[in-house]
Amino acid sequence: MSTRAGTDEGAFWGDATDDVALERYRTLVNTIDDAIYQLDTDGRFVAVNDVIVEATGYAREDLLGEHVSLVLADDDVARVEREITTRIVANDDEIATFELAVRTADGDAIPFELRVNLLLEDGEFRGTIGVARDRSEKRRRQDTLASAIASYESITSVIDGADIGAIVLNEQCEIEWADESVEEYFGLDRASLIGRDTRTVVDEVLKHRVDDPDSFAATVLSSYDDERYVDGFECRITGDDDREGRWLSYQSKPIESGEFAGGRVEFYYDITDQKESKGALRESEAAFRSLVDAVEEYAIFRLDTDGHVVSWNEGARQIKGYERAEILSEHFSQFYTDADRAAGVPARNLERALENGSVEDEGWRVRADGTRFWANVTITSVRDDDGTHRGYLKVTRDMTDRWERERELESELQRILGRISDAFYAVDDEFRFTHVNDRAAELLERSEEELLGERLWDVFPDLNEIDEVWDAFHTALESQEPTSYELYYDTLDFRVEANLYPSETGISVYFRDVTERRERERELERTERRFEAIFEDPNILVGLLEPDGTVIDVNGTAMEYVDAELTDVIGEQFCETPWWGGESADVREDVREWTERAAAGEYVNFEADLSRPDGERYTLNGVFRPVTNDDGDVVSIVVSDRDITERKKRERELEESEQRYRTLAENFPNGVVTLFDHDLEYTLAAGQGFEKIPVDPADIEGNHYRDAWDAATSDALEPALRGALEGEQGAVELEYADREWVVYTVPITDTRGDVFAGVTMAHDITERKEYQRRLEETVDRLEESNKRLEQFAYAASHDLQEPLRMVSSYLQLIEGRYANALDSDGREFLEYAVDGAERMRDMIDGLLAYSRVETQGEPLEPVALETVFDDVLEDLQLRLEETDAALEVGELPRVEGDASQLRQVFQNLLSNALEYSGDEPPRVRVDAERRGEDWVVSVHDEGIGIDPDDQDRIFEVFERLHGREAHAGTGIGLALCQRIVERHGGEIRVDSVPGEGATFSVVLPAADAE
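Description of the structure in this document. (Residues numbered from 1 in each chain as written. Predicted model: local features only at pLDDT ≥ 70, side-chain atom pairs only at ≥ 80, totals over all residues. Heavy atoms only, no water.)

Here we come to the overall build of the protein chain. Across its full length, the protein chain holds 34 helices and 37 strands. Of the contacts formed within the protein chain by residues at least 6 apart in sequence, a portion of 49% connects residues at least 24 apart. For the protein chain, the accessible area works out to roughly 53,300 Å², and carbon and sulfur atoms hold 45% of it. (Helix = DSSP H or I, 4+ residues; strand = E, 2+ residues; numbered from the N terminus. Contact = heavy atoms within 4.5 Å. Areas by Shrake-Rupley, 256 points an atom, 1.4 Å probe, with all protein chains shown as cover.)

Shown next as structure tokens:
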């Protein structure tokens, strides 16, 4: 037989024979204080150790061969069998852990933690080995602690939970009290919490100290909004230099009575050890494989007859710190303290084990590094079948945590008793005052000095006449059982509630003025009368059940939700009602379980995915709340829930958004992205820019900005960071790591618009700044060059005018006087000269206009393009009529521009559209389209078009695509248009297909009025 790992069982015992090894295994099993058993494939007991026999109350022969359902509930048996089947199918060798109750022969139920290990032989399932640990001891300690402070309801609730962090809220959701553990866990001053609204504390303080702040805040705050119980929500508290990170389990529930009735109490259980032990369980599987796998928390090793170590397991190495090679053959006494060795404790323990078979001891032990731990030790004498003494088996368990928790529990009890605000006094067996606290003196209207030594009946003689008081005191003293009474005491004019706790020497009396509480109870009665209105809340599905799950009533909201009649569900089992949508057996079984748990007094929070009769899917979140009578018996169950479909959808969208955000941050090019909270501590740092600086993201996250950067950088960043938290966007340029950066800061707001964090985006602009400097130098040179070129072009075109006029004038004189004297060639030559002079004049005029675009233009101002086009069309009227053109002009906008220059642009474009229309009458369309802050004005024609290879060349000066015989022109028009448009901060482009026309698009800035 082997476990899944296939370990040789005899290997642990070296060269021992099978019989000897088997006997030693039996000794080991009966030495460990956990319950250990083996089941066959049908779930029947094959073997049990003494702990199983003692815990269940059954004789060993009564258990062997019986099915495990003898001691476990059917639901627990089914749960374990499902897990075993899943592990076998998945080939999963993890040890399965369960929390369940074991039924004893007397009918009692004992809480146990059960770990189950599979047994395989040649890959075939042969049964299981289980190790169970009694969890009732911790509960008994909690019950004991609770009874000690039973008179203080709010603090009792804390102790009922555990010795962990606790916060008490009043009815206004303000913090009334927080214990020292809260202060330690979250690293804050608890005095600063008192009186604050807890929603603000969660949002501004607590959530920023957990790994997943949004999930934490959503869970905690929703418990306030929904007035629901939260149990078992786990969160991880981040650590820093002053405190350790740890895992906490959060529980929150309403306070139903006492001083803070209507408020809530919150618990933060420290489950760090539990989390770490789960990891240790997986890591130590190789140590003992099957049975030893399940008890790896023990140091298990053997001693020879003189007490020298002869074997050493992994648990021993972990607990005691010695490697196997360095401890073998050493005497086990070195594990004891100097004082124990001096007192002969090691030798005495071996003698007692040899004499009695085994000895159990608890005390301090010493590790290899000299540190001490509190150990539970069992030493068992090992003998052969013939009785020969072969040495000892020693099992050690590190109980330091338990020892420390017990000390803490005792300390916490003392602290809680010290904080009790009830009135308290004690009397001896003759009813003389022996102790009076301040609150008692205040309510009794007597000082401690006036009361000590005096008889109760002498100080308050009228109490003799109150039978209820007299009987309570004498019954408590005679029966040694606690008693209590409640009545209105005329002498002191308040209603008193007293609890009497007797002892052999007298009676301790806790009492309080409950006048206000009684008034609150009357108010509660009035509140209960409002229940019917709340019951019909249109936003909540509410049901009232018998403890067995029979429906008493269901509100109208729920009935409308599932499209059913109330008469159809009254008297039915709740799990079978249409509330649970469709025929889903899984959900109905869960509902049955939730009902049973609530009937047992448990508040059961649930979430279920359901479907309406029309097939629409939705999600409900709610709670099964037990309603108890004065005796604590569950008399009914209230089920309330809400449709959280949209919230779940938002949560999924938020998770996706957060993942996208983190992905974007991590891939942020050439820069660094950080997220910071209201404490100016970074919660996220990422980006490719970290490759350029001597800092890792891990050095940033979790640190204050002044701890993350040097002083100069921090000083430069501070105004922008604080501005972002005040809702302002900002930017700052700075130098860091020999590079130049621009840092943009942006506030992050919630759905209400409140700023809860900020983000920075830092860009490396080193190269850009250098390029900008070079560009500015180039621009300066170009501007100077352009200025000289403009001056030259203006001078050249101006100076050419005079000789050109002379040439033109003399050519006209020759043509006028001698035209008849010239033959046909001469007249042709003269026409060429006159035409050339005219074209020369046109080119000079065009060049002069081109050079004056910047210097002679008017300031840019809002211009109505409709007016501009009216002027253009007026100038082109004759041309349009001559060519029989069809012109369509759409609605035109207002732009920022120079009206005169824009007139030149569009007159040139329309003239070209008419000129290059081909053989057919021109068809031209003008329209405009808004694109962001610009307008795009397009002139479309259906003419000859432009070859793609020529579409850039047409905007160059003096460039022509056609001969002058085909089309007149200077080659400057489109170049002039381009320069005018660029002066306006826009651009001009052409899209054309030869033979199908052309579209010239002009991009111009929109006027402010648009």
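Glycine aside, a negative phi is what most residues show, and trans is what most peptide bonds show. A positive phi angle, near 80°, is found at serine 329, a position not held by glycine. With respect to the secondary-structure elements, serine 329 resides in the loop between helix 13 (324-327) and helix 14 (338-342). Residue class for serine 329 comes out exposed when judged on its relative accessible area of 56%. Non-glycine residue leucine 680 carries a positive phi angle of around 60°. By the element assignment, leucine 680 lies in the loop between strand 26 (671-676) and strand 27 (682-686). Given the relative accessible area of 4%, leucine 680 is considered buried. (Buried < 20%, exposed > 50% of the residue type's maximum accessible area, 1.4 Å probe, protein only.)

Let us look at the sheet that holds strand 14 (residues 372-383). Within the open sheet, the four strands sit side by side as 12-15-14-13. Their pairing is antiparallel. Where the open sheet ends on each side, the last strands, each with one partner, are strand 12 (298-303) and strand 13 (358-366). For this sheet, the mean angle separating the axes of adjacent strands, direction not counted, is 25°. Both strand 13 and strand 14 contribute to a ladder of nine bridges, which runs antiparallel. If you follow glutamate 360 over to strand 14, its bridge partner there is threonine 378. Each of strand 12, strand 13, strand 14 and strand 15 (389-398) touches helix 15 (residues 345-356); the most contacted strand, strand 13, lies at about 160° to it. (Pairing = 2+ DSSP bridges. Axes fitted to C-alpha atoms, helices over the stretch in contact; angles between N-to-C directions.)

Attention now moves to the pattern of salt bridges. The final tally for this structure, using the stated rule, is 43 salt bridges. Residues arginine 706 and glutamate 718 are paired through a salt bridge, measuring 2.9 Å at the closest nitrogen-oxygen approach. Residue arginine 706 is located in helix 27 (residues 705-708), and its partner glutamate 718 is located in helix 28 (residues 711-725); the two are separated by 12 residues in the primary sequence. Taking relative accessible area as the criterion, arginine 706 reaches 35% and is therefore assigned partly exposed. It is possible to trace a salt-bridge network through shared partners that takes in Lys692, Arg739, Asp764 and Glu767. (Salt bridge = Lys/Arg side-chain N within 4 Å of Asp/Glu carboxyl O.)

By the element assignment, glutamate 266 lies in strand 11 (residues 264-270). Glutamate 266 sits in the buried class, given a relative accessible area of 1%. Separated by 97 residues in sequence, glutamate 266 and leucine 169 place their C-alpha atoms 8.2 Å apart. The residues touching glutamate 266, leaving out its near neighbours within four places in the chain, are Gly165, Ala166, Ile167, Leu169, Val220, Tyr224, Tyr250, Gln251 and Ser252. Here the side chain of glutamate 266 touches tyrosine 224 through a polar contact of 2.3 Å, side chain to side chain. (Polar contact = N/O pair within 3.5 Å; in protein donor to acceptor, adjacent residues only side chain to side chain.)

With that out of the way, let us pick up helix 15. Over its 12 residues, helix 15 extends 16 Å from the first C-alpha to the last, a length consistent with the 16 Å expected when each residue adds 1.5 Å. For helix 15, the set of buried residues is Val345, Pro346, Asn349, Leu350 and Ala353. Down the axis, helix 15 shows its buried residues gathered within 140° of arc, on one side only. Facing away from the buried surface of helix 15 by more than 90 degrees, the exposed residues are Glu351 and Glu355. Contact partners of the buried residues in helix 15: strand 12, helix 14, strand 13, strand 14 and strand 15. (Expected span 1.5 Å × (residues − 1). Arc of directions from axis to C-beta.)

Here we take up the nonpolar core. In this structure, Leu865, Phe906, Leu909, Leu910, Phe1000 and Val1002 are the most contacted members of the largest nonpolar core, which totals 37 residues. Breaking this core down by element, the ones donating at least two residues are helix 31 (865-875), helix 33 (899-915), strand 34 (923-931), strand 35 (934-941), helix 34 (973-983), strand 36 (987-992) and strand 37 (998-1005). Considering every element that reaches this core, the biggest residue donor is helix 33, with seven residues. With residues up to four places along the chain from it excluded, the contact list for phenylalanine 1000 reads Leu909, Val937, Ser938, Val939, Ile946, Ile954, Phe955, Leu974, Arg989 and Val990. In terms of nonpolar packing, the next biggest core, distinct from the first, is built from 36 residues, Val168, Phe216, Tyr224 and Ile255 among them. (Core = buried A, V, L, I, M, F, W, Y, C linked by side-chain atoms within 4.5 Å.)

On to the environment of tyrosine 488. Mapping tyrosine 488 onto the fold places it in strand 18 (residues 483-489). Accessibility expressed as a relative area gives 40% for tyrosine 488, which makes it partly exposed. Taking the C-alpha atoms as reference, tyrosine 488 lies 8.5 Å from threonine 515; in sequence the two are 27 residues apart.

On the surface, Asp212, Asp214, Glu646, Glu653, Glu655 and Glu656 cluster together to form a negatively charged patch. The biggest single contributor to the negative patch is helix 25 (residues 645-666), with four residues. Examined against the element boundaries, glutamate 653 turns out to sit in helix 25. (Patch = residues over 30% accessible without salt bridge, like charges linked within 9 Å, V, L, I, M, F, W, Y side chains within 5 Å. Lys, Arg positive; Asp, Glu negative; His and termini not counted. Charge placed at Lys NZ, Arg CZ, Asp CG, Glu CD.)

As a further point, take a nonpolar patch on the surface. Taken together, the side chains of Tyr771, Leu775 and Val779 make up a nonpolar region of the molecular surface, amounting to roughly 260 Å² of accessible area. Inspection of the secondary structure puts valine 779 in helix 29 (residues 766-818). Residue classification places valine 779 among the partly exposed residues on the basis of a relative accessible area of 32%.

On to the sheet that holds strand 7 (residues 165-169), then. Pairing in this open sheet of five strands is antiparallel, and the strands run 8-7-11-10-9 from one edge to the other. A strand with exactly one partner marks an edge of an open sheet, and here the two such strands are strand 8 (175-178) and strand 9 (230-237). Direction aside, neighbouring strands of the sheet carry axes that sit 20° apart on average. Sheet topology note: the strand 9/strand 10 (residues 246-254) ladder contains seven bridges and is antiparallel. Among the inter-strand pairings, isoleucine 237 is bridged to a residue of strand 10, identified as arginine 246. This element, helix 9 (residues 213-226), spans strand 7, strand 9, strand 10 and strand 11 of the sheet and lies at about 150° to strand 9.

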